[in-house]
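Structural description and commentary
One letter stands for each residue in the lines below.
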Amino acid sequence: MNVNDRMIKDAIYKELKMTRARFHSLLASLSEQDFQNQSLNLGWTNGEILAHMTFGFMIVNILLPMARLWGRLPRSSSKWFAWLLNALTGPFNWINAVGARGQGRLFAHNRIGNIFDRVYFSLLKKINSIKDDEWQRGMYYPTKWDSNFDEFMTLEKLFHYSVIHFNFHLTQIARSDP
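Our subject in this report is the structure included herewith. Each chain has its residues counted from 1, running along the sequence as written. Given that this is a predicted model, residues contribute local features only at a pLDDT of at least 70 and side-chain atom pairs are listed and counted only at 80 or more, while totals for whole chains, interfaces and linings are drawn from all residues. As a rule here, side-chain values come from all non-hydrogen atoms in the structure, and water together with hydrogens is ignored.

**Observations regarding the packing of helix α3 (residues 46-71) against helix α7 (residues 155-170)**
- Interaxial angle, 0 to 180 degrees, is taken between N-to-C directions of lines fitted to C-alpha atoms, where a helix line uses only the stretch in contact. Here a strand is any run of E in DSSP of at least two residues, a helix any run of H or I of at least four, and the numbering for each starts at the N terminus. One way to put it is that α3 packs onto α7 with a least axis distance of 9 Å and a crossing angle of 170 degrees. When the interaxial angle is binned, α3 and α7 end up roughly antiparallel. Both α3 and α7 take part in a crossing whose hand is right-handed. When α3 is examined against α7, the residues Ile49, His52, Met53, Gly56, Phe57, Ile59, Val60, Leu63, Leu64, Ala67 and Arg68 are found in contact with a partner set consisting of Leu155, Leu158, Phe159, Tyr161, Ser162, Val163, His165, Phe166, His169 and Leu170.
- Lys, Arg, Asp and Glu make up the charged group, whereas Ala, Val, Leu, Ile, Met, Phe, Trp, Tyr, Cys and Pro make up the nonpolar group; the residues left over, Gly among them, are polar. Residue composition of the contact of α3 with α7, by class: 15 nonpolar, five polar and one charged. Between 65 and 115 degrees an angle is taken as roughly perpendicular, under 35 as roughly parallel, over 145 as roughly antiparallel, and anywhere else as oblique. Crossing handedness: left-handed means the near helix sits turned counterclockwise from the far one by under a right angle, and right-handed means the same turn made clockwise. The contact criterion used is simple: two residues touch if any of their non-hydrogen atoms lie within 4.5 Å.

The following block contains the structure:
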């Protein structure tokens, strides 16, 4: 492993570890009632936001095999796929909203920490599976689906995405007055 690849892995590990600590600190600061309360994102509860933030980590597990496959092909080969997904933004937004509501119920206050940890540890294993020559490979993404997606994202950027997504939604958690 060359020095640059070790630095990439170390930076991702550190970033994920800090985000995990922030997630658990946030979760511990929310009572069951806070979890059920309206968030600052209209139409979503705090619990639904936390579930959606967790899903931001889950999606990396889903996207990684595709990004690895597209990354072996010529760079422009995934552009049509991103275009197709962008064309389906309306249905995606509906599914994303319904999914967060369902996840908010399924990922209850007393379970979401364990769910987050399982996803977190699976990402750590996946980091170790990335070969040195893969980090700068990637694919095009549907930027209309998420403003946190770049048009083209490398595997390195894909791992950073989960943290960027987490930080974006962190400001939407509503706090009850003491």
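From this point on, the discussion continues.
**A word on the nonpolar core**
- By convention a nonpolar core is built from buried Ala, Val, Leu, Ile, Met, Phe, Trp, Tyr and Cys residues, the set being connected through side-chain atoms within 4.5 Å. Per-residue accessibility, obtained with a 1.4 Å probe over protein chains only, is compared with the maximum for each type, and a residue is labelled buried under 20%, exposed over 50%, and partly exposed between these values. Of all hydrophobic cores here, the largest spans 47 residues; its most connected members are Leu16, Leu50, Ile112, Trp135, Tyr141, Leu158 and Phe159.
- Elements that contribute at least two residues to this core include exactly α1 (3-29), α3, α4 (79-87), α5 (89-106), α6 (112-129) and α7.
- Sorting elements by how many residues they give to this core places α3 first, with 12 residues.
- The contacts of phenylalanine 159, once residues within four sequence positions are left out, are Ile12, Leu16, Val60, Leu64, Leu123, Lys126, Ile127, Ile130 and Trp135.

**A closer look at the side chain of histidine 109**
- Relative to the assigned elements, histidine 109 resides in the loop between α5 and α6.
- Contacts described as polar in this section are N or O atom pairs within 3.5 Å, which, within protein, must combine one atom able to donate a hydrogen with one able to accept it, while residues neighboring in sequence count only if both atoms come from side chains. Of the polar contacts made by the side chain of histidine 109, one reaches the backbone oxygen of leucine 30; its length is 2.7 Å.
- The residues contacting histidine 109, other than those within four sequence positions of it, are Leu27, Leu30, Ser31, Glu32 and Phe35.

**With respect to the packing of aromatic side chains**
- Ring pairs shown here join Phe, Tyr and Trp side chains whose ring centres sit within 6.5 Å, with only the six-membered ring taken for Trp; geometry is labelled stacked below 30 degrees between planes, edge-to-face above 60, and tilted in between. What the rule picks out here adds up to 12 aromatic pairs.
- Relative to phenylalanine 166, the ring of phenylalanine 23 has its centre 6.5 Å away and its plane inclined at 50 degrees; by these criteria the two rings are tilted. Note that phenylalanine 23 is positioned in helix α1 and phenylalanine 166 in helix α7, a separation of 143 residues in sequence.
- With a centroid separation of 3.8 Å and an interplanar angle of 10 degrees, the aromatic rings of phenylalanine 92 and tryptophan 145 are classed as stacked. Separated by 53 residues along the polypeptide, phenylalanine 92 in helix α5 and tryptophan 145 in the loop between β1 (138-140) and β2 (152-154) bring together distant segments of the chain.
- Given a relative accessible area of 22%, tryptophan 145 falls into the partly exposed group.
- An aromatic cluster is present here, built from Phe23, Phe57, Phe116 and Phe166 joined pairwise through their rings.
- Whether a charge sits over a ring depends on NZ of Lys or CZ of Arg being within 6 Å of the ring centre and within 35 degrees of the ring normal. Geometry around phenylalanine 152 places arginine 75 over its ring, the cationic atom sitting 3.5 Å from the centre.

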